[in-house]
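Residue strings, one per chain:
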Amino acid sequence: MIHFIGAGPGAEDLITVRGVRLLGLAGQIIYAGSLVNPALLAYKQEGCRVYDSAGMTLEEVLDVMCQGEQEGVDTVRLHTGDPALYGAIREQMDALEERGIPYDVTPGVSAFSGAAAALKAEYTLPQVSQSVIITRMEGRTPVPERERLREMARHGCTMTLFLSTGLLEEVERELLAGGAYTPDTPAAIVYKATWPDEQVFRCTVGTLARTAREHQITRMALITVGAFLEGTYERSKLYDPAFTHGYREGRS
């Protein structure tokens, strides 16, 4: 059996209970060493083989998985954050389907959740933003034309950008080209959210690139954009005394 597991955003205690249990049962672990906190390997059992996929190809990863199946041991494929977001797991799962190898997926805490915690912020605020766009800047890997950053930026809602820290000059131009954000729109760069060396840099859309340069941030950071970073919002209806819902009668 192959277990795809979300390792969480960085802190070793932000992996799920299920993830820890499966790590402890695995005969071999393949982990993304360039992104996953190696402290998570402390959960493995004695004698478990460990492979760092940072320098491996898809074919090499699959060879290790197939080897484990032939030996009758469980394999954990440990991905950073939640594997459903930029985890490249679909191609692995399709290959396992072709080979008749069973697998399952254990979700994890995403870096965009870790970034919100670091910012002490709520992405969805009444009359500010009720939607969150999770996307990235086009780089060597293209994005569909309809999902280019300027198209996403037209909505003006909360936005979180993965895999874009090294392209912040282009990010600034694309965000402004959407027309809904201005150079003064609040933004933040969250470096290594939830890791021991986490850092938060608050800035604006117009100063994203400069802020990253000043602090020498080139990778492992999440970019957040939007008015949710300001202090103005309306009180939630959910806990408003005058608001009636299925569990409470409103009163004036």
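See the structure shown above.
Here is what the cut-offs are and how they apply
Counting of residues starts from 1 at the beginning of each chain's written sequence and follows it residue by residue. Per-residue local features are limited, in this predicted model, to residues with pLDDT of at least 70; the limit for side-chain atom pairs, both in listing and counting, is 80 or more; totals at the level of whole chains, interfaces and linings are taken over all residues. The side-chain figures draw on all heavy atoms in the structure; neither hydrogens nor water molecules are used. Cavities and pockets are found on a 1 Å grid laid over the protein atoms alone: a cavity is a set of points where a 1.4 Å probe fits but cannot escape, a pocket is an open set with protein on both sides within 12 Å along at least five of seven lines, and a lining residue has an atom within 4 Å of such a point. Grid points are joined across faces, edges and corners, and a volume is the space filled by probe spheres set on the points. Numbering of helices and strands runs from the N terminus, with a helix taken as a DSSP run of H or I at least four residues long and a strand as a DSSP run of E at least two residues long. Residues were grouped as follows: Ala, Val, Leu, Ile, Met, Phe, Trp, Tyr, Cys and Pro as nonpolar; Asp, Glu, Lys and Arg as charged; and all remaining residues, including Gly, as polar. Any two residues whose heavy atoms approach within 4.5 Å are treated as being in contact. Put simply, a nonpolar core is a bunch of buried Ala, Val, Leu, Ile, Met, Phe, Trp, Tyr and Cys residues held in one set by side-chain atoms that sit within 4.5 Å of each other. Exposure is judged per residue with a 1.4 Å probe applied to protein chains only, and the accessible area is read against the type maximum: over 50% gives exposed, under 20% gives buried, and values in between give partly exposed. For helices, the fitted axis covers only the stretch in contact; all axes are lines through C-alpha atoms, and the angles between them, taken along N-to-C directions, range from 0 to 180 degrees. Angles are sorted into four bins: roughly parallel if under 35 degrees, roughly antiparallel if over 145, roughly perpendicular if 65 to 115, and oblique for all others. Two helices that cross are described as forming a left-handed crossing if the nearer one is turned anticlockwise from the farther one by less than a right angle, and a right-handed crossing if clockwise. DSSP bridges decide pairing: two strands pair if at least two such bridges lie between them. Note on disulfides: each one is a pair of cysteine sulfur atoms within 2.5 Å.

Draft legend 1. The arrangement of the layout of surface pockets in detail. As a volume, the largest pocket reaches approximately 1100 Å³. Along the wall of the largest pocket there are 39 residues; nearest its centre are Ser34, Leu35, Thr80, Tyr86 and Leu163. Elements supplying a minimum of two residues to the lining of the largest pocket: α2 (58–71), β4 (75–79), α3 (90–99), α4 (111–119) and β10 (221–225). When its residues are assigned to classes, the lining of the largest pocket shows 21 nonpolar, 13 polar and five charged. Roughly 220 Å³ of internal volume is contained in the second largest pocket. Arg136, Met137, Gly139, Arg140, Thr141 and Leu163 together form the lining of the second largest pocket.

Draft legend 2. Up close: the environment of Arg210. For Arg210, the location among the structural elements is in helix α7 (residues 208–214). Taking the C-alpha atoms as reference points, Arg210 and Leu229, 19 residues apart in sequence, are found 19 Å from one another.

Draft legend 3. Spotlight on the environment of Val73. Examined against the element boundaries, Val73 turns out to sit in the loop between α2 and β4. Between the alpha carbons of Val73 and Leu175 there is a distance of 48 Å; along the sequence they are 102 residues apart. If near-sequence neighbours (up to four positions away) are discounted, Val73 is found in contact with Met1, Gly27, Gln28 and Gly68.

Draft legend 4. Local environment of the side chain of Lys192. If you trace the backbone, Lys192 turns up in the loop between β8 (186–191) and β9 (199–204). Lys192 has contacts with Asp197, Glu198 and Met220, leaving out every residue within four places of it along the chain.

Draft legend 5. Local environment of the nonpolar core. If you look at the biggest cluster of nonpolar residues, it comprises 25 residues, and the most contacted ones within it are Met159, Val171, Leu175, Ile189, Leu208 and Val225. Discounting residues that sit within four places of it in the chain, Val171 has contacts with Met137, Leu149, Leu161, Ser164 and Leu208.

Draft legend 6. Examining unusual backbone geometry more closely. A positive phi is found at Lys120, a non-glycine position, where the angle reads about 55 degrees. Inspection of the secondary structure assignment puts Lys120 in the loop between α4 and β6 (132–136). Classification of Lys120 as exposed rests on a relative accessible area of 77%. The phi angle at Lys192 is positive, at roughly 50 degrees, despite the residue not being glycine.

Draft legend 7. Inspection of the packing of α2 against α3 at higher detail. The interhelical angle for the contact between α2 and α3, taken along N-to-C directions, is 45 degrees, at an axis separation of 11 Å. If you check the angle between α2 and α3, you find them oblique. Between α2 and α3 lies a crossing whose hand is right-handed. Facing α2, whose interface residues are Leu58, Val61, Leu62, Met65 and Cys66, α3 presents Glu91, Gln92, Ala95, Leu96 and Arg99. Tallied by class, residues from the contact of α2 with α3 come to seven nonpolar, one polar and two charged.

Draft legend 8. Molecular detail of the sheet that holds β6. Read across the open sheet, the five strands follow the order β6-β7-β10-β8-β9; overall the sheet is mixed. Of all the strands in the sheet, just β6 and β9 have a single pairing partner and so form its edges. The mean angle between the axes of side-by-side strands here comes to 20 degrees, regardless of whether they run parallel or antiparallel. When β8 meets β9, the two strands line up antiparallel, connected through six bridges. Its bridge partner lying in β9, Pro186 is registered against Thr204.

Draft legend 9. Highlighting the state of the cysteines. For the coordinates displayed, the defined rule picks out zero disulfides. Just so you know, Cys48 is unpaired, no disulfide at all, and the nearest cysteine sulfur is the one on Cys66, 17 Å from it. The cysteine Cys203 is free of any disulfide, with Cys157 supplying the nearest cysteine sulfur at 18 Å. A residue is classified by how much of its surface remains accessible, and Cys203, at 12% relative accessible area, is buried.

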